[in-house]
Amino acid sequence: MNKDKMLVEAIRDGIVLDHIPAEKLFKIVALLRLDTLTTPVTIGNNLMSARHKRKGIIKMADHFVSSQEIDKIALLAPEVHLNVIRDYQVTEKRQVALPSEVKGLVRCPNPKCITNAEPMQTRFHVSTEEDSDQKCLLECHYCGRKTRAEEVELL
């Protein structure tokens, strides 16, 4: 086999999510509901990485993600890189960023929170924990309950 040959063919238009922690790859696959797409999707897991020992990658041809989906990805894995591909060229390359606030994306874990009793949209303020790098902390706007992002239920 030619070592210069790519194992996965390039995509003309779409996005590539790279540097996904291997243990979070299938959560992101489920979150994006990739099983419902009718366009080509390539998922690679446990690939070698200089940054991490293992990483995941997702290539989606002819498909782009919404800003809400990017916010959800950032809550799960803020180290993910998003590459936009147009006519086989990378036209945009960026790391997903934690939003300062999320609305309607996460369920409040406090059973007594008004958002769990009334038909209203949830709202959380987003920050990072001081004693750890990139650990996301969510604080409910209504009841004040603080929760780590990896412990919340995404809507």
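Rules and cut-offs
- Residues numbered from 1 in each chain as written.
- Predicted model: local features only at pLDDT ≥ 70, side-chain atom pairs only at ≥ 80, totals over all residues.
- Heavy atoms only, no water.
- Domains from an automatic or database assignment.
- Contact = heavy atoms within 4.5 Å.
- Buried area = accessible area lost by both parts, 1.4 Å probe.
- Salt bridge = Lys/Arg side-chain N within 4 Å of Asp/Glu carboxyl O.
- Polar contact = N/O pair within 3.5 Å; in protein donor to acceptor, adjacent residues only side chain to side chain.
- Core = buried A, V, L, I, M, F, W, Y, C linked by side-chain atoms within 4.5 Å.
- Buried < 20%, exposed > 50% of the residue type's maximum accessible area, 1.4 Å probe, protein only.
- Helix = DSSP H or I, 4+ residues; strand = E, 2+ residues; numbered from the N terminus.

Brief notes about the domain arrangement of the chain
Alright, step 1. What the domain assignment reports for the chain is domain 1 (12-93) and domain 2 (99-146).
Alright, step 2. Taking the mean C-alpha position of each, domain 1 and domain 2 sit 25 Å from one another.
Alright, step 3. Domain 1 puts six residues into the contact, and the matching count from domain 2 is eight residues.
Alright, step 4. Buried surface at the junction of domain 1 and domain 2, both sides included, amounts to about 590 Å², of which 76% is carbon and sulfur.
Alright, step 5. If you sort the residues of domain 1 by the area they bury against domain 2, D71, L75 and P78 come out on top, with a joint share of 69%.
Alright, step 6. Viewed at the interface, domain 2 and domain 1 are joined by zero salt bridges.
Alright, step 7. Between domain 1 and domain 2 we count zero residue pairs in polar contact (both at pLDDT 80 or more) in total.

Some thoughts on the nonpolar core
Where a protein is soluble and globular, its nonpolar side chains tend to be buried together.
Alright, step 1. If you look at the biggest cluster of nonpolar residues, it comprises 21 residues, and the most contacted ones within it are L17, I28, L32 and I58.
Alright, step 2. Looking at this core, the elements that each hand over two or more residues are β1 (14-21), α1 (25-31), β3 (54-61), α2 (67-76) and β4 (81-86).
Alright, step 3. Ignoring any residue separated from it by four or fewer positions in sequence, one finds I28 in contact with L17, I20, I58, I73, L76, A77 and V80.
Alright, step 4. V102, V106, L138 and V152 belong to the second largest nonpolar core, which has 13 residues in total.

Overview of unusual backbone geometry
Alright, step 1. Phi at H19 is positive, roughly 60°, even though this residue is not glycine.
Alright, step 2. As for its position among the elements, H19 is in strand β1.
Alright, step 3. In this structure H19 comes out as buried when scored by relative accessible area, which is 15%.
Alright, step 4. Positive phi outside glycine occurs at Y88, with the angle close to 70°.
Alright, step 5. Positionally, Y88 belongs in the loop between β4 and β5 (89-95).

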